2 protein chains.
Amino acid sequence: MKTSTTTRGFLLALCTSLAASLTMAQAPQRIPTPNDTLKSPKVLDDKRAMIQIYAPKASEVMVGGDFIAGGKPLSLTKNDQGVWSVVTAPLKPDYYTYTLMVDGVRTMDPKNPTIKQGISSLENVMAVPGTETAFEDNKAVPHGEVREVWYQSNTLGMARRLHVYTPPGYEKGNTKYPIFYLLHGAGDDDSGWNTVGRAGFILDNLIAAGKAKPMVVVMPNGSMPMPPSTGMPDANMMNRMRSLFADEFLKEIMPTVEKTYRVLPNRENRALAGLSMGGFQTLDVSLTRPELFDYVGVFSSGFFGATIDEAETKYAKALNDPSFNKNKKLFWVSIGKDDFVMDANKKTLALLDKHQIKYQYQETSGGHTWVNWRQYLNQYVPMLFK
Amino acid sequence: MKTSTTTRGFLLALCTSLAASLTMAQAPQRIPTPNDTLKSPKVLDDKRAMIQIYAPKASEVMVGGDFIAGGKPLSLTKNDQGVWSVVTAPLKPDYYTYTLMVDGVRTMDPKNPTIKQGISSLENVMAVPGTETAFEDNKAVPHGEVREVWYQSNTLGMARRLHVYTPPGYEKGNTKYPIFYLLHGAGDDDSGWNTVGRAGFILDNLIAAGKAKPMVVVMPNGSMPMPPSTGMPDANMMNRMRSLFADEFLKEIMPTVEKTYRVLPNRENRALAGLSMGGFQTLDVSLTRPELFDYVGVFSSGFFGATIDEAETKYAKALNDPSFNKNKKLFWVSIGKDDFVMDANKKTLALLDKHQIKYQYQETSGGHTWVNWRQYLNQYVPMLFK
């Protein structure tokens, strides 16, 4: 185990009484620095957050994150001790992601081990506490479990992972539950909704308050393997990945999950929702196989990678089905006013309007952020299975 | 969501067909750099690993990790493109942890999202593939599930988390299983055995090969909350934390787990093991309550934070119990020859010898590393419940 200086000191301290001579021989000879006691992030009384990093040799330190209105990275300022810091504007209590750039090198805050895992990169997560976060906090209510589940995919020819939330009481009971498939966005994996998405805590709190039915939530890995060295995906690649996901979802994920867990495998008890790329996947799957899901949610998304003409052709059967509206208990669409995919969203809604597909639509403040997606999840789940 | 450049490009590409004008308006104006296509780590044909980072402004880049014999960090060398790199010695195929220091700033490899989570810091993980890793690889065998479980601890007055491995077939079956409590080391949390420790895959492979009995494995969080600003723990603090863990384990973790899961709650079907701090906790709990566990494993550990005299007094009842050996089916101790806690280990064994406590002892190559702990787990589990 390569350990941090702190841990190393801790381990050495562990041995002090018993093996003082060994400890002395191994104690690193070093001069204390401001880094030894530095804390980052620190939330101040007025809900501003201070982000700090000890980097005496650096010439420029920036921080980006979803806490910044407008998204433009902030510059940190160095003091004479070599500590760079910045204080944010007052923040609405919530969980925010951020990433430091030290002389252009993407750097996880060395003082903050709380992170969000992506398929190609990490981000730090910070909590700004307050009453506004009650819906997503880890509270003293009965908790469900979140399981990491590996399965062998014949479609993809590899082991794949998904996360499954089972509600409080599942382990000891015999009840069969409704099932909600919840999809993440591009760049993330099946852990995203459980870490920065706080899906487990949001479900726990809704169920404890009697606002949501107990349900099983399945969070698959929606990021399809890409051929090496393809660079940025073009429209053809996007379409191939969309089809690949639909196959994986319909032939592997749904059958695997529905034969394993105590769920009610029928349209009345199935919901599907996703954010960004996951919203596009949700549109694709639910317009291709509308008979599978009575509840559909599209967060901050639209038809990506396909023109509206292509979509109109591909989904013609569902779009022109006069019973589509009658059979859909919920088709819920939400997006932030500042979202950079607003144009795709608008064009998608226009296509639905053209075919008189009914949906509930909400525009919130904010952009393409987890701040919004947690709120949308908290709004969507209470509408399911009622 | 603050996204990486790659993800941002990916999201933009997603919109290309549908919203070309928007995409163009938002496309970042930037000059390509070597970072765009850099890969790190890269394992070469001869099993040397190349670690690289693009840091054109840095004046010194180092890497430390458990792949380095002797532990002394390696220096990276900068090329004229601003890319720093180092090639390791040929490595035995395994999973290794490493951490970069860029001008003294602890830096997660921006090209490697695979990490190990600690309570105060992160480390990167790299895989060097080969036949030697078969025991710990994610293979096409039936997989158990690993669950994240939150419980409310009255002892600590807070929500605590543990990980639970349930074997293949648990979800659909009615069998009751033996239960194995597996403890991590200082600086880690309850996720460690499941990430860098690869406990789930090791169990899956042993069970699939018929080498181990199917069992439930409970991986608690053994890091006790410390009062703020105490600095390095002294011997008194160590003793308080040891007692606190014993309370948490005996009053909260065991009752919670054994009333929730389908396990066999008796000494014949209970095992306990831990590494480093977890080995010390294992010694403490199993010598305080020897009637609870027939199987005990101590990996790379010994009595820390207490003198041998103190230990001899505290555990006098067990040490002087003539039936201790008869009732213990396995007392297994393993450590690497180069481990920096060897002295504590030796003094602990001397105390056991003095009281004629029987144990199996193994000295392996290597030091205080996860490389050894995964091997020890793979050796220990097949000896349980037989």
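Quick note: structure is the one above.
Residues numbered from 1 in each chain as written. Chains lettered and ligands numbered in written order. Predicted model: local features only at pLDDT ≥ 70, side-chain atom pairs only at ≥ 80, totals over all residues. Heavy atoms only, no water.

Novice: Quick question: what am I supposed to make of the overall build of chain A here?
Specialist: Secondary structure summary: chain A contains 10 helices and 18 strands in total. Its C-alpha atoms give chain A a radius of gyration of 24 Å, near enough to 21 Å, the size a compact globule of 386 residues would have. Here the C-alpha coordinates of chain A stretch approximately 80 × 45 × 45 Å along the principal axes. Burial statistics for chain A: of 386 residues in total, 59% are counted as buried. Within chain A, contacts between residues at least 6 apart in sequence are counted, and of these 72% link residues at least 24 apart. Accessible surface for chain A amounts to roughly 15,000 Å². Of this, 54% is attributable to carbon and sulfur atoms. (Helix = DSSP H or I, 4+ residues; strand = E, 2+ residues; numbered from the N terminus. Rg over C-alpha atoms; globule rule 2.2 N^0.38 Å. Buried < 20%, exposed > 50% of the residue type's maximum accessible area, 1.4 Å probe, protein only. Contact = heavy atoms within 4.5 Å. Areas by Shrake-Rupley, 256 points an atom, 1.4 Å probe, with all protein chains shown as cover.)

Novice: I'm lost on helix H4 (residues 235-260) of chain B in this one. Help?
Specialist: Note: α-helices contain 3.6 residues per turn, so residues at a spacing of three or four share the same orientation. End to end, H4 of chain B covers 36 Å across 26 residues, agreeing with the expected 38 Å (1.5 Å per residue, within 8%). Along H4 of chain B, the helix axis deviates most sharply at phenylalanine 249 of chain B, where the bend reaches about 35 degrees. (Expected span 1.5 Å × (residues − 1). Bend = angle between axes of the 7 residues up to and from the residue.)

Novice: What should I look at first to understand the pairing of strand E2 (residues 49-54) of chain A in this one?
Specialist: The side chains of a regular strand alternate, first on one face of the sheet and then on the other. All names here are of chain A. Across the 6 residues that make up E2, a large majority, 6, are buried. Burial along E2 is two-sided: the residues Ala49, Ile51 and Ile53 and Met50, Gln52 and Tyr54 are all buried. Bridge count between strand E1 (residues 42-43) and E2: 2 bridges; the pairing is antiparallel. Along E2, the bridge assignment pairs valine 43 with alanine 49. Hairpin connection from E1 to E2: 5 residues lie between these consecutive antiparallel strands, with lysine 47 at a positive phi of about 70 degrees. By the bridge criterion, 5 bridges tie E2 to strand E6 (residues 83-87) in an arrangement that is antiparallel. In the strand pairing of E6, tyrosine 54 is matched with valine 83. (Pairing = 2+ DSSP bridges.)

Novice: Can you walk me through the environment of leucine 250 of chain B in this structure?
Specialist: Residues and elements named next belong to chain B. Along the chain, leucine 250 falls in helix H4. Owing to a relative accessible area of 23%, leucine 250 belongs among the partly exposed residues under this scheme. Distance from leucine 250 to proline 290, taken between C-alpha atoms, is 12 Å for residues 40 residues apart in sequence. With residues near it in sequence (within four places) discarded, leucine 250 still touches Pro255, Val285, Arg289 and Leu292.

Novice: Even after reading the chapter, I still don't get the sheet that holds E2 of chain A, so can you show me in this structure?
Specialist: Backbone hydrogen bonds hold the strands of a sheet together, and the pairing may be parallel or antiparallel. Spatial ordering of the open sheet is given by E1-E2-E6-E5 (chain A), a layout of 4 strands whose pairing is antiparallel. Each edge of the open sheet carries a strand with a single partner, namely E1 and strand E5 (77-78) of chain A.

Novice: Sorry, what's going on with the environment of alanine 199 of chain A here?
Specialist: Residues and elements named next belong to chain A. Tracing the backbone shows alanine 199 in helix H3 (residues 199-208). By relative accessible area, alanine 199 is classed as buried at 4%. Along the chain, alanine 199 and leucine 183 lie 16 residues apart, while their C-alpha atoms are 11 Å from each other. Excluding its chain neighbours within four sequence positions, the residues that come into contact with alanine 199 are Leu182, Trp193, Met219 and Leu377.

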